[in-house]
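A closer look at the structure
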Amino acid sequence: MVKAIRVYELGGPEVLKWEDVEIGEPKEGEVRVRNKAIGLNFIDVYFRKGVYQPPSLPFTPGVEAVGVVTAVGPGLTGREVGDVVAYAGRPLGSYAEEQILPANKVVPLPPSIDPVIGASILSKGMTTRFLLHQCFKVEPGHTILVHAAAGGVGSLLCQWANALGATVIGTVSTKEKAVQAKEDGCHHVIIYTQEDFVARVTEITSGNGVEVVYDSVGKDTFQGSLSCLKLRGYMVSFGQSSGRPDPVPLSALAAKSLFLTRPTLMHYAVTREELLEFAGDVFAKIASGVLKVRVNHTYPLSEAAKAHADLEGRKTSGSVVLIP
Ligand SMILES: NC(=O)c1ccc[n+]([C@@H]2O[C@H](COP(=O)([O-])OP(=O)(O)OC[C@H]3O[C@@H](n4cnc5c(N)ncnc54)[C@H](OP(=O)(O)O)[C@@H]3O)[C@@H](O)[C@H]2O)c1
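Residues numbered from 1 in each chain as written. Predicted model: local features only at pLDDT ≥ 70, side-chain atom pairs only at ≥ 80, totals over all residues. Heavy atoms only, no water.

1. Things to note about the overall build of the chain
On a plain count of helices and strands, the chain comes out with nine helices and 15 strands. Projected onto its principal axes, the C-alpha coordinates of the chain cover approximately 60 × 40 × 35 Å. Across the 324 residues that make up the chain, the buried fraction comes to 52%. Excluding contacts between residues fewer than 6 apart, the proportion of contacts in the chain whose partners are at least 24 apart in sequence is 68%. Carbon together with sulfur atoms contributes 52% to the accessible area of the chain, which is approximately 13700 Å² in total. Looking at charge distribution, the chain has the averaged site of its 32 positive side-chain charges lying 4 Å from that of its 33 negative ones. (Helix = DSSP H or I, 4+ residues; strand = E, 2+ residues; numbered from the N terminus. Buried < 20%, exposed > 50% of the residue type's maximum accessible area, 1.4 Å probe, protein only. Contact = heavy atoms within 4.5 Å. Areas by Shrake-Rupley, 256 points an atom, 1.4 Å probe, with all protein chains shown as cover. Lys, Arg positive; Asp, Glu negative; His and termini not counted. Charge placed at Lys NZ, Arg CZ, Asp CG, Glu CD.)

2. Looking at the sheet that holds strand β10 (residues 188–191)
Within a sheet, adjacent strands bond to each other through the backbone by hydrogen bonds, running parallel or antiparallel. Strand order in the open sheet made by the six strands is β10-β9-β8-β11-β12-β13, with parallel pairing throughout. The open sheet is flanked by β10 and β13 (259–261), the only strands paired with a single partner. On average, each strand axis in the sheet is inclined to that of its neighbour by 15 degrees, with strand direction left out of account. Inspection of the sheet shows strand β8 (residues 143–146) paired to strand β11 (residues 210–215) by three bridges, in the parallel sense. Looking at β11, one finds that Ile-144 is bridged to Val-212. (Pairing = 2+ DSSP bridges. Axes fitted to C-alpha atoms, helices over the stretch in contact; angles between N-to-C directions.)

3. Topic: the domain arrangement of the chain
Partitioning the chain into structural domains gives domain 1 (2–121 + 294–323) and domain 2 (140–262). The C-alpha-based centres of domain 1 and domain 2 are spaced at 30 Å. Each partner contributes residues to the interface: domain 1 has 12 residues there, and domain 2 has 17 residues. Carbon and sulfur atoms supply 42% of the area that domain 1 and domain 2 bury against each other, a total of about 1000 Å² over both sides. The largest contributions to the domain 1 side of the interface with domain 2 come from Tyr-46, Arg-294 and Arg-314, which together make up 47% of the buried area. The interface formed by domain 1 and domain 2 holds two salt bridges in total. Between Arg-294 and Asp-184 there is a salt bridge, and its shortest N-O distance comes to 3.0 Å. Here domain 1 is connected to domain 2 by 12 residue pairs in polar contact (both at pLDDT 80 or more). By residue class, the composition of the side of domain 1 that touches domain 2 is five nonpolar, five polar and two charged. (Domains from an automatic or database assignment. Buried area = accessible area lost by both parts, 1.4 Å probe. Salt bridge = Lys/Arg side-chain N within 4 Å of Asp/Glu carboxyl O. Polar contact = N/O pair within 3.5 Å; in protein donor to acceptor, adjacent residues only side chain to side chain. Nonpolar A, V, L, I, M, F, W, Y, C, P; charged D, E, K, R; others polar.)

4. Some thoughts on the pattern of salt bridges
By the definition in use, this model includes 19 salt bridges. One salt bridge in this structure joins Asp-20 and Lys-3, with 3.5 Å as the shortest N-O distance. Of this pair, Asp-20 sits in strand β2 (residues 16–21) while Lys-3 sits in strand β1 (residues 2–7); the two residues are 17 residues apart in sequence, bridging distant segments of the chain. Residue classification places Asp-20 among the partly exposed positions, given a relative accessible area of 45%. We note a salt bridge from Arg-129 to Asp-281, for which the minimum N-O separation is 2.8 Å.

5. Considerations on the pairing of β8
A two-sided burial pattern is seen for β8, the buried positions comprising Thr-143 and Leu-145 on one face and Ile-144 and Val-146 on the other. Relative to strand β9 (residues 167–172), β8 is paired through four bridges, and the arrangement is parallel. In the sheet register, Val-146 faces β9, and the bridge partner there is Gly-170. Traced from β8 through helix α3 (residues 152–163) to β9, the parallel crossover comes out right-handed. (Right-handed = clockwise from strand over helix to strand, strands pointing away.)

6. Observations regarding the nonpolar core
Where a protein is soluble and globular, its nonpolar side chains tend to be buried together. Met-126, Ile-144, Tyr-214 and Phe-283 are the most contacted members of the largest nonpolar core, which totals 49 residues. For this core, the element with the highest residue contribution is helix α2 (residues 115–135), accounting for eight residues. Here this core spans two domains, since at least three of its residues come from each of domain 1 (2–121 + 294–323) and domain 2 (140–262). Discounting chain neighbours no more than four positions away, the residues touching Tyr-214 are Leu-131, Leu-132, Phe-136, Val-138, Ile-144, Leu-145, Val-146, His-147, Leu-157, Val-236 and Phe-238. Of all hydrophobic cores here, the second largest spans 20 residues; its members include Ile-5, Leu-40, Val-63 and Ala-304. (Core = buried A, V, L, I, M, F, W, Y, C linked by side-chain atoms within 4.5 Å.)

In structure tokens, the structure reads:
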């Protein structure tokens, strides 16, 4: 038996229950991992609430962790007991002291990277990579708008985009978050709870607009984000922390020949080779200093409900990590 968080019914943070579960032994192609640190992601909130469909009920949430391999399935080569590995993506289940995973979903964690850092950055870092390099290719001279710029993904987006030579405009809800966003390379920070971000972006860009908006806030910002784009700009709607955006008529794009995409990491890091390439690039960005990792909050895994309430309540900045 190991301790894990279980969800029996969809709902608020209170549905996260701390329980004993039986996880069994790894089968062919699988490893068992004792988690040392678990990354909290807003996607965990979507699954808990049913915004995204969980695989079953009850289920154990969590899409990211770093841990030590404690058993390998029959005949498995390439992974050994004692390996320190990181993991981000499906299947769900990282809110547990131990879990069984497909061996091809885990990557070795470089010894120079602390497990807490690894668990705070793999999913968010790989997301940042595909957003800046593949979804829309950010280049020197571009001006970009990043919403929730002090959040987990937002902090990394600002740092990495700054290093690519872009002018970065970030939105945040508080003065404290504005200070962090500045430190992370935002050239202009807008407190969108106090200022009209569309008017400010228009002013900052002298009416030209931005090449791309990275919008993870959704409902509250989507329409304004479209207004911030220049002709033929890219609207990258990659999350919905404030709720699902309203439906968009095609004519809303025709007004400026805009591009709109709603991308997901799992459709960019699809193959084993891509996973290794993405993870390797994120680890390299930590080693080279492009990414400063902000683990601003840690909670015991048993207090996952408190961590969820704080993330949803916009009380957190940077990354949040759960410790089993
Ligand atoms: N598409 C993908 O593949 C992919 C992968 C990973 C993450 N994501 C998305 O990236 C986003 C960021 O994830 P994260 O884990 O790093 O979370 P996060 O950004 O640390 O937390 C969410 C932030 O959204 C902002 N926000 C604005 N309105 C909000 C509201 N009504 N309720 C709650 N938050 C609100 C808050 O920042 P302020 O207080 O500054 O407003 C809050 O801190 C999420 O939308 C997530 O779904 C997408």
